[in-house]
Structures are given as C-alpha cells and as structure tokens.
Amino acid sequence: MKFARLGVNIDHVATLRQQRGEFYPSVARAAEVSLATGAHQITIHLREDRRHIQDRDVPEVHAVCRHIGKPLNLEMGASDEMIAIAVKERPDWVCLVPEKRQERTTEGGLDLVDPVNYARLAAACASIKDSSPSTKISLFVEASDEVLRRCLTLKIDAVEIHTGDFARDFLEKKSLLHHLERYKKGSLLIKQAGLGYHAGHGLTFDSLVPLLQEGDFEEYNIGHWIVAESVFIGLGHVVKELLTLINQHPLKGSL
Ligand code: PXP
C-alpha cells in the first residue's frame, strides 16, 4: 500500500522567532524534530520581505535535511533574486508561488493565463533546470483546467494545488463537492502527464480527511496548523518542566 507524503512547513516557527528578534525557536531544530518523527520533507518559504524565514535559515535547514537524508522543498517567488538563491543552494524541490507584499499569506495560485506572467514563469523554470538539473520544480496553482493544461507545457515535475478555498469552506461548514470534483479532474490530467500531484495551504487535521479519502494527492505541505496545534500539545509539558525546575530551588530566607 502507498500513502501520501507529509511536508512540514516550518515558516511559522521562524515567525515566532522574528516577532521578538530572538535566536529561538530554532527552525533547524524544528526541521530535525519533524524529520526525526517521520515527516517526509521540510518546506520553507523564503519571502521577498523576509518576514519569517531568513537567508541564513536556508542552508541551515538544508544541512539538517541532508544529514537525515530527506528532501528540502524551497517555496519562493519567481524573481531573479530568488532564482539565484535556489541555484546556489540546489534544494531538492523548488515550489514557485505567487507573492504579493501586502498579503498575510500566499492567497492563491500562480496566474499562468496572463502571457507575460506565463513567459516569466517559463523562463524561471528553464533557468532553474539549466543551472541545477537535480532540483525538481512544482508550481503552486489553482485546480482549474485552463491553468493545469498550461502547467503541462512547462519544464516542471509536479503541481501543488492551492487548497486555501477548500480549507476555508471546510471551516465554514460549506459544501466541498465542487472543490473535490475539481481536484479529481485535475489529478487525472496531471497524473496522465506523469507529473506529481501535491496539495497545500490552510489544511488542518480535520480538513485533511476528505482529501485523504479521495486519495489523489501524493503529497501535502502543511504548516500553520501544525505549528498552532504544537503549542497545545507542548504547553502542558513545558509548564511542568519549568515548575519542576522552580521547585528544585527553594526561596532563600523564607520559612
Ligand atoms: N504550500 C504552499 C505553496 C504555501 O505557500 C504554503 C503557505 O506558505 C503552504 C503549503 C502551507 O500552508 P499552511 O501554512 O496554511 O499550512
């Protein structure tokens, strides 16, 4: 039996670190813990505005992945600056995503319908493949027939379907049928072409279930929910450890 792979996106460990300008929590440690417990890959998004992952994190996390023998998936916009970083670092995967400065998070898939954008992405894929042939490329896209057909004309290895709208509808208890139908249709087209079919964005333990039941996505990249849930799984443990430490040190001069 085959099962889907889990890519753990650790961007929001870096968000926590950057928010206070501290040295912790360490994203390298987050990568280590995730991979040691069985995650299939680490995903990080080096954004143009460096709001979470920093340049120095990329080689550090890559070293952890290499040491454990699991892939690094570097998400990035298709800018010259990012392409240069990818070509230097040679991650196992590059996932090209649209990036807008004002957005809180990646808000949708790449626009492959606009000819200028299509040409820019085609050039980015060619440039990465020419300079780093071992790096596989995925494109973060909506599951629309037109967009997926355009993906087939590019030098890529997989598509990652943006599941943000599905995940939002799940939380708002709306019908998911149209999303699942689109995903199924997309899967047939993409797999027939021999490309990988990945998914990501906004997924939680619960919203993952209908997608797992359909069984079409080979890989899920999940971040925000994992980091958020980890707070609750870890909080009691950390409070207990701190109290143990405090209680090993009685106050001086008190009865
Ligand atoms: N996949 C891609 C391409 C993304 O841009 C993101 C968000 O950075 C994710 C997966 C993970 O999304 P989330 O943090 O909502 O799980």
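Figured I'd write up the structure that's included with this text. Because the structure is predicted, anything quoted here is derived from the model rather than measured. Numbering of residues starts from 1 in every chain and runs along the sequence as written. Reporting of local features is limited, given that this is a predicted model, to residues whose pLDDT is at least 70; pairs of side-chain atoms are given and counted only at 80 or more, and all residues count toward the totals for whole chains, interfaces and linings. Calculation of side-chain values draws on the structure's entire complement of heavy atoms; hydrogens and water are dropped beforehand.

The next subject is the pattern of salt bridges. Between Lys or Arg on one side and Asp or Glu on the other, a salt bridge is scored when a side-chain nitrogen of the former is within 4 Å of a carboxyl oxygen of the latter. Counted by the stated rule, this structure contains 12 salt bridges. Here aspartate 49 ties to arginine 51 by a salt bridge, and the two come within 3.0 Å at their closest N and O atoms. Here the term buried applies to any residue with accessible area under 20% of the maximum for its type, exposed to any over 50%, and partly exposed to those in between, with areas from a 1.4 Å probe on protein chains only. In this structure aspartate 49 comes out as partly exposed when scored by relative accessible area, which is 27%. We classify arginine 51 as partly exposed; its relative accessible area is 26%. A salt bridge links lysine 184 to glutamate 214; the nearest nitrogen and oxygen atoms lie 3.3 Å apart. Residue lysine 184 is found in helix H8 (residues 177-192), and its partner glutamate 214 is found in helix H9 (residues 205-214); the two are separated by 30 residues along the sequence. Numbering of helices and strands runs from the N terminus, with a helix taken as a DSSP run of H or I at least four residues long and a strand as a DSSP run of E at least two residues long.

Turning our attention to helix H7 (residues 164-171). Inspection of H7 places Gly164, Phe166, Ala167 and Asp169 among the buried residues, and these make up the whole buried set. Contacts were defined at the residue level, with two residues in contact if any of their heavy atoms lie within 4.5 Å. Those residues of H7 that are buried are in contact with strand S6 (158-162), H8 and H9. A positive phi of about 55 degrees marks lysine 173, the residue just after H7.

The criterion for an aromatic pair is that two Phe, Tyr or Trp rings (for Trp, the six-membered ring) have centres within 6.5 Å, with stacked assigned to planes under 30 degrees apart, edge-to-face to planes over 60 apart and tilted to the rest. For the structure on display, the rule yields five aromatic pairs. With centroids separated by 5.5 Å and ring planes inclined at 65 degrees, the aromatic side chains of tyrosine 183 and phenylalanine 217 adopt a geometry described as edge-to-face. Taken together, the residues tyrosine 183 in helix H8 and phenylalanine 217 in the loop between H9 and strand S8 (219-222) connect sequence positions 34 residues apart. Considered together, tyrosine 183 and phenylalanine 217 belong to a single accessibility category, that of buried residues. On the numbers, 5.9 Å between centres and 70 degrees between planes, the contact of phenylalanine 217 with tyrosine 220 is edge-to-face. The burial state of phenylalanine 217 is the same as that of tyrosine 220; both residues are buried.

What follows deals with the environment of valine 64. Secondary-structure assignment places valine 64 in helix H3 (residues 57-68). Between the C-alpha atoms of valine 64 and isoleucine 42, which are 22 residues apart in sequence, the distance is 9.6 Å. Once residues within four sequence positions are removed from consideration, valine 64 is found in contact with Ala28, Ala31, Glu32 and Leu35.

A separate point is the environment of aspartate 92. Relative to the elements of secondary structure, aspartate 92 occurs in the loop between helix H4 (80-89) and strand S4 (93-96). Exposure remark for aspartate 92: the relative accessible area of 32% places this residue in the partly exposed category. Note: C-alpha distance between aspartate 92 and glutamine 41 (51 residues apart in sequence) is 9.6 Å. Every residue in contact with aspartate 92, bar those within four places of it in the chain, is listed here: His62, Lys70, Pro71, Leu72, Ser134, Thr135 and Lys136. Within the structure, aspartate 92 has its side chain in polar contact with the backbone nitrogen of leucine 72 (distance 2.9 Å). Here a polar contact is taken to be a pair of N or O atoms separated by no more than 3.5 Å, where protein atoms must pair a possible hydrogen donor with a possible acceptor and residues adjacent in sequence count only if both atoms sit in side chains.

Moving on: the environment of tyrosine 183. Exposure remark for tyrosine 183: the relative accessible area of 2% places this residue in the buried category. Taking the C-alpha atoms as reference points, tyrosine 183 and glutamate 214, separated by 31 residues in sequence, lie 9.2 Å from one another. Here tyrosine 183 is in contact with Ala143, Ile161, His162, Thr163, Phe166, Tyr197, Leu211 and Phe217, once residues within four sequence places are set aside.

Okay, the sheet that holds S8 next. Any two strands between which DSSP finds at least two bridges are classified as paired. A barrel is described by the order of its strands in space; here eight strands give the closed sequence S1-S2-S3-S4-S5-S6-S7-S8, paired in parallel fashion. When strand polarity is set aside, the average angle formed by the axes of neighbouring strands in this sheet is 25 degrees. Examined bridge by bridge, strand S1 (residues 5-9) and S8 share four bridges and lie parallel to one another. Bridge assignment links glycine 7 to a residue of S8, and that residue is asparagine 221. Interaxial angles span 0 to 180 degrees and are taken between N-to-C directions of axes, which are lines fitted to C-alpha atoms, for helices over the stretch in contact.

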